[in-house]
Amino acid sequence: MGTWGSGNFDDDTAADHLSGITGRLVSEIEEAMAGDPAGLEPDEYWGVAVPCNVELLCLIAEQHYVGATVPGAAVVERWEKTFMDVWERTIDGLEPEPEYKEKRRAELIGTFDRLRAVLSARETA
């Protein structure tokens, strides 16, 4: 296809580059989900980085750039279940303020919902 516009993401090379970036985000999430669940606890690296990666996937996919790869709905459902199960099981051990806990839970669920919305929009486009 070559080049189809003047934008930074309007050619095959940019699409390949973006595919690599989004592919790495997905791979990191997959590896975190397949690893020791303790690594997903709210005060651990992947407990923070996984929602960041999901958010980054949303931000990129919402631009409708060619090359942005995102997982299917079943994968997102599995990610959310795995992540939220760990979060719900361990958050109280950190003794968060009730308001923070409520807002953080809503933010996490909203992030996964947002990725599902991106997938849904792609399916109907």
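Side note on helix α2 (residues 45–61)
Because each turn of an α-helix spans 3.6 residues, side chains separated by three or four positions in sequence point in the same direction.
Logical step 1: Along its 17 residues, α2 runs 24 Å from first to last C-alpha, staying within 8% of the 24 Å computed at 1.5 Å per residue.
Logical step 2: Turning to α2, its buried residues are Gly47, Ala49, Val50, Pro51, Asn53, Val54, Leu57, Cys58, Ile60 and Ala61.
Logical step 3: The inward-facing, buried residues of α2 contact α1 (12–34), α3 (73–90) and α4 (98–124).

Some remarks on α4
Logical step 1: The terminal C-alpha atoms of α4 lie 39 Å apart, and with 27 residues this matches the ideal 39 Å at 1.5 Å per residue to within 8%.
Logical step 2: Among the residues making up α4, those that are buried are Lys101, Leu108, Thr111, Phe112, Leu115, Arg116, Val118 and Leu119.
Logical step 3: Residues of α4 that are buried in the fold lie against α2 and α3.

Some words on the packing of aromatic side chains
Logical step 1: In this structure the tally under the stated criterion is 3 aromatic pairs.
Logical step 2: When the ring of Tyr45 is compared with that of Trp46, the centres are 4.9 Å apart and the planes differ by 85°; the resulting orientation is edge-to-face.
Logical step 3: You can call Tyr45 exposed: its relative accessible area is 60%.
Logical step 4: With a relative accessible area of 26%, Trp46 lands in the partly exposed category.

Some thoughts on unusual backbone geometry
Logical step 1: Here the phi dihedral of His64 falls at roughly 60°; this positive angle occurs in a residue that is not glycine.
Logical step 2: Mapped onto the elements of the fold, His64 is located in the loop between α2 and α3.
Logical step 3: Relative accessible area serves as the criterion here: at 62%, His64 is assigned to the exposed category.
Logical step 4: With a phi angle near 55°, Glu95 is a residue other than glycine that sits in the positive phi range.
Logical step 5: If you trace the backbone, Glu95 turns up in the loop between α3 and α4.
Logical step 6: By relative accessible area, Glu95 is classed as exposed at 71%.

Scoring rules and cut-offs
- Residue numbering note: each chain is counted from 1, following its sequence as written.
- Local features are withheld for residues below a pLDDT of 70 in this predicted model, meaning they are given only at 70 or higher, and side-chain atom pairs are given and counted only at 80 or more; totals for whole chains, interfaces and linings count all residues.
- Excluding hydrogens and water, the side-chain figures rest on all heavy atoms present in the structure.
- Secondary structure elements follow DSSP: runs of H or I of four or more residues count as helices, runs of E of two or more count as strands, with numbering from the N terminus.
- An expected span of 1.5 Å times one less than the residue number is assigned to each helix.
- Relative accessibility decides the category of a residue: with a 1.4 Å probe and only protein chains considered, values under 20% of the type maximum give buried, values over 50% give exposed, and everything between is partly exposed.
- Note on contacts: a residue pair qualifies if any of its non-hydrogen atoms lie within 4.5 Å across the two residues.
- Only Phe, Tyr and Trp rings take part, Trp by its six-membered ring, and two of them pair if their centres are within 6.5 Å. Stacked means planes under 30 degrees apart, edge-to-face means over 60, and tilted covers everything else.

Purely spatial values, then, with no claim about function.
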